[in-house]
Amino acid sequence: MLLISCPWCGPREEIEFRNGGEAGVAAPEPDAEPTTDEISGFLFFRSNPKGSFHERWNHSHGCRRWVSLTRSTITHEIESESQPTGRFRP
Amino acid sequence: MVEQRFADGGAVSPLGNRTFDPVVVVAGPGVEVLEHSFTDQLDVRLDPEPAVLGALGDRLRVAIPAEPNRVGRDGRRLALWLAPDEWLVLDPDNLEDDVARLTMEGGWPPDVTFVDVSAHRTLLELRGRDARALLARGCPLDLDPRVFGPDHCAQTLLARVDVILFRLDGTDAFGVLVRASFARYLVAWLTDALEGFYA
Ligand SMILES: [Zn+2]
């Protein structure tokens, strides 16, 4: 069980959160006429590292805000502070 | 005001109660659970500008907390922080007139919303010396009074159900807001947990 820190609610148990996959995956600019490869890369391909992974979590049973943090996929240790990813910051 | 109405003109709460007075739904030696039926509830969403929060607090006659997971109180009226841009205002007496006035008067930023959510959840009160220990059986939060103080509120899980938890005014009692369709399950769970408690 992970203890995930929400920037607004403080440390909460993992069951209150929903994992949102890799953080910082940029969508292609629509005006730049992205290629099929660029679009499928954005939609389907993730880095899936062994080690430090920057990922998103949604505090779905709490304040329902998105946060991002770095977690080791080997030890599950959370290696960074949680950052709010929405427009409101604490 | 938004309770289900039947042909006989009566109203019935999610737990089958027909009165505005609190009704005991679970009772044990050291704990009692009551349903406060038909508590008026208003969901407010707006940008958390201090001036707008102040104006809203003045118009609703209750302090709107800017700090996360805190409760503003004035008498029986409460304002609970739900998210950086969302609050829930509760009043067991009458919120309807204030809501009508708020929405009629205008003068709010364009992205403000006021939604009457009185039928969304019902309010349970857990009181008695064992109320905290009973809650702790199904809730991952630290409910110790040094951590979860009288002006705290939290959205969390109780027996795998989404709830809003807060301390009722001036007492050790807890308020638990639960969605209408989960209320019967939660009361069944509390009844069951309580049985194990005194075994
Ligand atoms: Zn949160």
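No experiment lies behind these values; they were computed from the predicted model shown.

**Overview of the overall build of chain B**
Here is step 1: Check the secondary structure of chain B and you find four helices and 13 strands.
Here is step 2: In terms of overall size, chain B behaves like a compact globule, its C-alpha atoms giving a radius of gyration of 17 Å where 199 residues would be expected to give roughly 16 Å.
Here is step 3: Seen through its C-alpha atoms, chain B measures out along the principal axes to roughly 60 × 50 × 25 Å.
Here is step 4: Put simply, of all contacts in chain B between residues at least 6 apart along the chain, 57% involve residues at least 24 apart.
Here is step 5: Summing over all exposed atoms, chain B offers an accessible surface of approximately 9100 Å²; the carbon and sulfur share of this is 52%.
Here is step 6: Counting 20 positive and 32 negative side-chain charges, chain B places the averaged centre of each group 4 Å from the other.

**Quick look at the pairing of strand β4 (residues 52-58) of chain A**
Residues and elements named next belong to chain A.
Here is step 1: For strand β3 (residues 18-22) and β4, the ladder comprises three bridges, and the chain directions are antiparallel. Paired with glutamate 22 across the strands is glutamate 55, a residue of β4.
Here is step 2: Where β4 and strand β5 (residues 66-72) come together, seven bridges link them in antiparallel fashion. Looking at the pairing, tryptophan 57 lines up with valine 67 of β5.

**Regarding the side chain of threonine 39 of chain B**
All names here are of chain B.
Here is step 1: Residue position: threonine 39 is located in the loop between β4 (31-36) and β5 (40-45).
Here is step 2: The class of threonine 39 is buried, set by a relative accessible area of 4%.
Here is step 3: Filtering out sequence-adjacent residues up to four positions away, threonine 39 remains in contact with Leu90, Asp91, Pro92, Ser118 and Leu123.

**Thoughts on helix α2 (residues 96-105) of chain B**
Residue and element names in this part refer to chain B.
Here is step 1: When we look at burial in α2, the residues that qualify are Asp98, Val99 and Leu102. All buried residues of α2 lie within an arc of 100° about the axis, which places them on one face of the element. Exposed and oriented more than 90 degrees from the buried face of α2 are Asp97 and Met104.
Here is step 2: Those residues of α2 that are buried lie in contact with β5, α1 (50-60), β7 (77-83) and β9 (113-116).
Here is step 3: Phi turns positive one or two residues past the end of α2, at glycine 106, with a value near 70°.

**Re the state of the cysteines**
Here is step 1: All told, the structure shown has zero disulfides over all chains when counted by the stated rule.
Here is step 2: With no disulfide of its own, cysteine 153 of chain B lies closest to cysteine 9 of chain A among cysteine sulfurs, the gap being 9.2 Å.
Here is step 3: Classification of cysteine 153 of chain B by relative accessible area gives buried; the value is 2%.

The rules behind each value
Residues numbered from 1 in each chain as written. Chains lettered and ligands numbered in written order. Predicted model: local features only at pLDDT ≥ 70, side-chain atom pairs only at ≥ 80, totals over all residues. Heavy atoms only, no water. Helix = DSSP H or I, 4+ residues; strand = E, 2+ residues; numbered from the N terminus. Rg over C-alpha atoms; globule rule 2.2 N^0.38 Å. Contact = heavy atoms within 4.5 Å. Areas by Shrake-Rupley, 256 points an atom, 1.4 Å probe, with all protein chains shown as cover. Lys, Arg positive; Asp, Glu negative; His and termini not counted. Charge placed at Lys NZ, Arg CZ, Asp CG, Glu CD. Pairing = 2+ DSSP bridges. Buried < 20%, exposed > 50% of the residue type's maximum accessible area, 1.4 Å probe, protein only. Arc of directions from axis to C-beta. Disulfide = S-S within 2.5 Å.

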